[in-house]
Amino acid sequence: MNAKKVKTLPSYIIASDSWSACGRGNELHFSTAQFQTVKTAEQIDVPFFAMQDLPVDTSEKRILSSLSSVVGNAVKKAGLTAEQLANTAIILGSTSLDVSAVEAKPEQTIWLTNTDRLSGYLKQQFATSDLHLTINTACTAGTNAVILADQLLNQNKAQYVIVVGCEFYNPLTVEGFYSLDLQSSQGLRTFSESRSGLVLGEGVAALVMAKHTTSPSQLKLIGYGSGCDHYSLTMTQESGVHIQAIIEMALKKANLEAKQIDLIKVHGTATLNNDQAELNAFNQWLEHAPIFAFKPFTGHTLGACGVLELALMDYLHQQQLVIPRPEYLNTDTILRPFSDAKPLSSYQHILLNHCGFGGNNAALIIEVA
């Protein structure tokens, strides 16, 4: 006997909030987002996009207070009541979580924090349901958290889901990328001929998702795909074939053809391998779909970027602002310049691509009202 297929419905982003180098809440300014420097163990200055107006340190207070602020703002915007919060799940996506704030305990051989400590803290802080989960799939963690949120909503496991993406300054992460010689000293220049690597960043973002809309201008998640590329232990295949396969998965779920994608948000780390893989994957769209990236303004926020960049997109849409464009694209790009000075509402179907260390790739398709 065949099981009855359950029809899935789209999810809506009914509220969002963020805090990054671009600013916080409803005071975001892409043109003024700049990196500062942090020091390695060898006292070498490396660039870093810190959260605006928040001194950089590794304290637990900094982590928890910024999480509470952003999630609290999103909950307030969504207008969730205590009764609704009690039927709200929390899914948190991150790479390093709160590792920077964990203190070594000499009496313990292994001193690790619980991986769900941050989501558990938010559950207690906002009196949500017992369902709270943590996703850690490198740079696709936030994107996979959004995908899981949609699945929980479709399975009626929750009335609402708060999806959180967070990445905080972590000396261990800075040292790791510095040792791999992947960090640029000049800035993050996605798809630029003169790109010289990535610049790390930090940020917190929250999305409140539901199966119903509360405003005609809310972004709608209509398709997604996620999977792991076994080509390499660290990265996806540079030919872009696996990225293409994940995008095809997202298109199929959205019931769209490739030609119906009219705007692409790339992962855009400005590292050679990642830029090459994405460029190869997007060849079939380059004739008609403009491409843009957020990382030149936020830095690479690792596990937070899937949620943060979607929250930034929601902000642009709600404020009816044009898509930000870094100055270097005027003269220095391996793609045709993105010159469309249009708000997001000018586009109908937007593809958001993300690639994770370890070969996990994930893509979302958003419909704009």
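You'll find the structure just up there.
Residues numbered from 1 in each chain as written. Predicted model: local features only at pLDDT ≥ 70, side-chain atom pairs only at ≥ 80, totals over all residues. Heavy atoms only, no water.

(A) Up close: the packing of aromatic side chains. Applying the stated rule across the entire model yields five aromatic pairs. With 5.5 Å between their ring centres and 75 degrees between their planes, Phe 48 and Tyr 169 make a pair best called edge-to-face. Separated by 121 residues along the polypeptide, Phe 48 in strand β5 (residues 45-48) and Tyr 169 in the loop between β8 (160-167) and α5 (171-179) bring together distant segments of the chain. Its relative accessible area of 11% is what places Tyr 169 among the buried residues. Grouped by ring-pair contacts, the aromatic residues Phe 30, Phe 292, Phe 294 and Phe 297 constitute a single cluster. (Phe/Tyr/Trp six-rings, centres within 6.5 Å; stacked < 30°, edge-to-face > 60°. Helix = DSSP H or I, 4+ residues; strand = E, 2+ residues; numbered from the N terminus. Buried < 20%, exposed > 50% of the residue type's maximum accessible area, 1.4 Å probe, protein only.)

(B) Examining the pairing of β5 more closely. Two strands pair when backbone bridges link them, and strand β4 (residues 36-39) and β5 are joined in this way by four bridges, in the antiparallel orientation. For Lys 39, the partnering residue across the bridge sits in β5 and is Asp 45. Here β4 hands over to β5 after five residues, with Gln 43 in that stretch at a positive phi of 65 degrees. (Pairing = 2+ DSSP bridges.)

(C) Examining helix α6 (residues 241-254) more closely. With 14 residues, α6 should reach 20 Å at 1.5 Å per residue; the first-to-last C-alpha distance of 20 Å fits that figure. Taken residue by residue, α6 has His 242, Ile 243, Ile 246, Ile 247, Ala 250, Leu 251 and Ala 254 as its buried positions. Where α6 is buried, its residues touch β10 (220-228), α7 (272-281), β13 (349-355) and β14 (360-367). (Expected span 1.5 Å × (residues − 1). Contact = heavy atoms within 4.5 Å.)

(D) Here's a closer look at the state of the cysteines. Enumeration according to the criterion identifies zero disulfides in this entry. Cysteine Cys 139 remains unbridged, with the sulfur of Cys 305 as its closest cysteine sulfur at 5.9 Å. Among the cysteines around Cys 166, which has no disulfide bond, Cys 305 carries the closest sulfur, lying 12 Å off. (Disulfide = S-S within 2.5 Å.)

(E) Highlighting the pattern of salt bridges. A complete count under the given rule lists 12 salt bridges for this structure. For the salt bridge of Lys 77 with Asp 17, the shortest nitrogen-to-oxygen distance reads 3.0 Å. Linking Lys 77 in helix α1 (residues 60-78) with Asp 17 in strand β1 (residues 11-20), this pair joins segments that are 60 residues apart in sequence. Overall, the relative accessible area of 39% leaves Lys 77 in the partly exposed class. Across the salt bridge formed by Glu 257 and Lys 259, the nearest N and O atoms sit 3.6 Å from each other. For Glu 257, a relative accessible area of 46% translates into the label partly exposed. (Salt bridge = Lys/Arg side-chain N within 4 Å of Asp/Glu carboxyl O.)

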